[in-house]
Each structure stands twice: as structure tokens, then as C-alpha cells.
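Below, each chain spelled out in residue letters.
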Amino acid sequence: MGEDDNFWTSGKFYYDFHPERGYGDVDLGDDTRFIEFYNLVFMQYNKKEDGSLEPLKQKNIDTGLGLERMARILQKIIGDHMHAIVYLISDGVVPSNIGRGYVVRWLIRRAVRTGRLLGIKGDGKGNLEGAFLPRIAVKVIELSTKIDPDLKDSSSCILEELRREELQFVQTLERGEKLLEEMLDGALSSGHENGSVPCLSGKDAFLLYDTYGFPVEITVEVAEERGVKVDMNGFDIEMENQWRQSQAAHYAVKLAVGNVADLAENVSDTEFLGYETLSTRAMVEGLLVKGNPIVQVCEGSEVEVLLNKTPFYAESGGQIGDHGFLFVKGTDKQQNGVVEIKDVQKISGNIFVHKGTITEGVIGWPRS
């Protein structure tokens, strides 16, 4: 700091949350990047009006470090993000892959990853498989209720959305982080060999986003920490390709709906359990291939599965359908089957159609 900004003419210590941005023309007043957490004042002189320095009779040192600021350095991402997340969900914005919902999902998943880096695992009550964000949200709601009483009325919804989203991300987080590290190592090695700036391909960034649920902003952040750029143009191309494929798939589902009207009349509404659990046992109520009812489907086939109950969220209100896996128990003469669910749609009101690919075995109807 120069004299114009620092009348103390003393040392101040700032923590930089984004050192990868460099230090040319930086603004220490940018609190999204810097935070002053420590000062060190050597009281040795008295500065007169003419600018001359006169030695003090009693010299001393004034130093101070703010505990809350040090905590903010360690917990800033989680604390700041949780405040925004709580208010967004309270206003009806739920995690999704588009629009405002994507912002909520990115904030939640960044907070989850940061918590893991800090060594936070489990719900803090002995359940290592539980979610920790809801406990923090409880405190945010408690501190904010006097300002916004509506938060308390929305608390159960807020906590459930947080729990569901965190547990869903944790399922793929460890594998995704390991793969990202391998990708970054490869990019650094390639850049070193070619004498070029290390760059993670858009295809790799999209794989992390599509398969492991990594918002591209997180991938960019981690890559920058390692000195690797991300090919965002390539990522945008992959996103565009997926969008086109998704539109075609949705069109195919709509065509199929007309062909299964008779079947839908004989199938009960699907019981949705997604707000209560991420897994459940269910009965197969119907199988469709290209919109036509079928009793058995083999490995490698595209299939639509109707269940009596499900934890999978169906596309609705701007939020895309959940992805996951369906494990189908076989009979004595038939092996178990595994279906990778890539999309979930609703037909005839509240019947969920689970669309995916059989990756292992055979599935038949009826089966649980």
C-alpha cells in the first residue's frame, strides 16, 4: 500500500483467494479476492505536518489478527455460499442444470467440495454418510429469521434440497476428483513436452460435467490452481451437441407416449420418493423399446422402464430428470440386470418413464 491509502505507514497482511490472476494492477479493495486479516504497526516516529519524522520517547508495536477473518479465510466459500443458497431455495429456486437452478447447484457443489478439502465428512452426528450442509443451513436460518421470518417456514424444504443435492454429488465426487487430477497431470505433461500452455480439452471438461456432476466453473477453478487453462470453446461445443441430442431424445419420448396410451391406462401413478431417499426397492411395471411394450430386454439395448415408485426426479419446472442406475434382480435362470438411467420423463399425469441403456445382463417384466 502507498501512503495515499495507508496513513499508518505500517504493514498489513492480505489473503488472496485468487493468486492465479496475477498481481498486475490489483485492487486490494476487491473483497471478492482479498481480505485483510493481520496488521503490524511499528510505532517508532511521530510524523509532523511538514512530513519530517520525530522519534517517539516511548516506542512500541501494535499488532492484531481477527479471529473471525481467519475463520473467513478457512470457511469463506462455505459461509458465503450457504447464505446465498438458503435464500435462493427459499425463493423457490431448486438445483438443476439450467438457469437459476444451475447457479444453486454450482454453489452447493462448490461448498461440498470445499468442505471435503477441509476434512468435513458426515453430518457431524456420527453418520459419516450423511450431509453436513443442512447443519450449516440451520444456523444461517436461525441468524436470518429476524430479518426474514419466511425462511423459517421454508426451512424443511431448504434442508431437504440441500441434503438431497449434497448426497447426490458425493456419490461421484471422489471419482470425479481423481479423474480430474489425472486429466490435469496429462495436460501439464503435454504442455511441457510441446512447450505450450497446458490446456484441458473441452471434451474432458464436459465429461466431468456430464458424468460426474462437476460444474465447469469448479473444473476451471481447480485447473487454474494447477496452472492449466480449460478449452471453454470446446466445452460449449460439447454442450451444444448434448442439447441437440437431448431435444431429439425428448421428441422420441413424446412420440412413444402416443404408442403406449393403452399401457398407461393399466399402470398406476408412480410414487415419488426423491425428497426422502436416493435409493429404494421397486417393482417393474412395464418395459418399452422405441415406444413399444416388451417383456424382456438384453444388454446394450435402449429401454424405457416404468416403476411403481422411484427416487428419480422427472423433468419438470425447468429441472432436468435425474441420472443414476437401476439394478434389476434376476431369476434363477436369468442374470441380474443394470440400467444406466439418462433421463426421466412424465406421461399421463404422474407416470415416470425411466429412459436408459442396459449396461449389464437382462431385465424382464414383471421384476423388482
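Caption draft 1: Summary view of the overall build of the chain. A tally of helices and strands in the chain yields nine helices and 15 strands. Taken across its 368 residues, the chain has 39% of its residues classed as buried. Of all intrachain contacts in the chain linking residues separated by at least 6 positions in sequence, the fraction that spans at least 24 positions is 62%. Accessible surface, the chain as shown: approximately 21300 Å² in total, 51% of it carbon and sulfur.

Caption draft 2: Representation of helix 3 (residues 133–144) within the structure. Relative to the 16 Å expected for 12 residues at 1.5 Å per residue, helix 3 spans 16 Å between its end C-alpha atoms, a close match to the ideal helical length. Looking only at helix 3, the buried set comprises L133, P134, A137, V140, I141 and S144. Buried residues of helix 3 fall within an arc of 110° about the axis and therefore sit on the same side.

Caption draft 3: Expanded view of the sheet that holds strand 12 (residues 324–328). The sheet built from six strands is open, its strands ordered 8-7-10-14-13-12 with antiparallel pairing. Each having just a single partner strand, strand 8 (292–293) and strand 12 make up the two edges of the open sheet.

Caption draft 4: Local environment of the side chain of E221. Here E221 is to be found in helix 7 (residues 216–225). Taking the relative accessible area as the measure of exposure, E221 reaches 17% and is therefore buried.

Caption draft 5: Main features of the confidence of the model for the chain. Per-residue pLDDT for the chain averages 81, and the proportion of residues at 70 or more is 87%. Taken element by element, the predicted model of the chain shows its lowest mean pLDDT in helix 9 (residues 261–265) (56) and its highest in strand 4 (residues 199–200) (95). Here residues 251–255 scores under 50 on pLDDT; set against residues more than four positions off or in separate chains, the count is two contacts.

Caption draft 6: View of the packing of helix 2 (residues 99–117) against helix 7. As a packed pair, helix 2 and helix 7 sit with axes 9 Å apart at the nearest point and diverge in direction by 40°. One way to sum up the angle between helix 2 and helix 7 is to call them oblique. Only V216, E217, I218, E221, V222 and E225 of helix 7 make contact with helix 2, whose side of the interface consists of Y102, W106, R109, R110 and R113. Looking at side-chain class alone, the contact of helix 2 with helix 7 contains five nonpolar, no polar and six charged residues.

Caption draft 7: Representation of the environment of R281 in the model. You can see R281 is positioned in the loop between strand 6 (271–272) and strand 7 (284–289). In sequence terms R281 and F327 are 46 residues apart; their C-alpha atoms lie 9.3 Å from each other.

Caption draft 8: Expanded view of the environment of E20. Following the sequence through the fold, E20 ends up in the loop between strand 1 (11–16) and strand 2 (34–47). The exposure class of E20 is partly exposed, given its relative accessible area of 31%. For the pair E20 and R226, spaced 206 residues apart in sequence, the C-alpha separation works out to 9.0 Å.

Caption draft 9: View of the pairing of strand 2. By the bridge criterion, nine bridges tie strand 2 to strand 3 (residues 53–65) in an arrangement that is antiparallel. Directly across from N46, in strand 3, lies its bridge partner E54. Where strand 2 folds back onto strand 3 in an antiparallel hairpin, the turn is made up of five residues, including G51, whose phi is positive at roughly 95°.

Caption draft 10: Broad picture of the nonpolar core. In terms of nonpolar packing, the biggest core is built from 41 residues, with M82, V86, L133, L162 and F214 touching the most fellow members. Taken together, the elements giving at least two residues each to this core come down to helix 1 (67–90), helix 2, helix 3, helix 5 (155–194), helix 6 (202–212) and helix 7. At nine residues, helix 5 tops the list of elements feeding residues into this core. What L162 contacts, discounting residues up to four positions off in sequence, is M82, I85, I89, I108, L133, P134 and A137. Listed in part, the 17 residues of the second largest apolar core include A282, V305, A314 and I363.

Caption draft 11: Looking closely at the packing of aromatic side chains. Under the criterion given, the structure shown has 10 aromatic pairs. Both rings, one in F13 and one in Y38, keep their centres 4.9 Å apart while their planes meet at 50°; by these two values the pair is tilted. Pair noted here: F13 is in strand 1 and Y38 is in strand 2, with a separation of 25 residues, a long-range link. When the ring of F272 is compared with that of Y313, the centres are 6.0 Å apart and the planes differ by 75°; the resulting orientation is edge-to-face. Within this pair, whereas F272 is found in strand 6, its partner Y313 is found in the loop between strand 11 (309–310) and strand 12, the two being separated by 41 residues in sequence. Judged by its relative accessible area of 23%, F272 is partly exposed. Members of the aromatic cluster, each reached through a chain of ring pairs, are Y102, F206, Y209 and F235.

Caption draft 12: Broad picture of the pattern of salt bridges. Throughout the structure, instances matching the rule amount to 13 salt bridges. The partner of D80 in a salt bridge is K76, and the shortest N-O contact between them spans 3.2 Å. Of this pair, D80 and K76 both sit in helix 1, four residues apart, roughly one helical turn. A relative accessible area of 38% means that D80 is categorised as partly exposed. Overall, K76 belongs to the buried group, its relative accessible area being 14%. One salt bridge in this structure joins R226 and E181, with 2.5 Å as the shortest N-O distance.

What counts as what
Residues numbered from 1 in each chain as written. Predicted model: local features only at pLDDT ≥ 70, side-chain atom pairs only at ≥ 80, totals over all residues. Heavy atoms only, no water. Helix = DSSP H or I, 4+ residues; strand = E, 2+ residues; numbered from the N terminus. Buried < 20%, exposed > 50% of the residue type's maximum accessible area, 1.4 Å probe, protein only. Contact = heavy atoms within 4.5 Å. Areas by Shrake-Rupley, 256 points an atom, 1.4 Å probe, with all protein chains shown as cover. Expected span 1.5 Å × (residues − 1). Arc of directions from axis to C-beta. Pairing = 2+ DSSP bridges. pLDDT = per-residue confidence, 0-100. Axes fitted to C-alpha atoms, helices over the stretch in contact; angles between N-to-C directions. Parallel < 35°, antiparallel > 145°, perpendicular 65-115°, else oblique. Nonpolar A, V, L, I, M, F, W, Y, C, P; charged D, E, K, R; others polar. Core = buried A, V, L, I, M, F, W, Y, C linked by side-chain atoms within 4.5 Å. Phe/Tyr/Trp six-rings, centres within 6.5 Å; stacked < 30°, edge-to-face > 60°. Salt bridge = Lys/Arg side-chain N within 4 Å of Asp/Glu carboxyl O.

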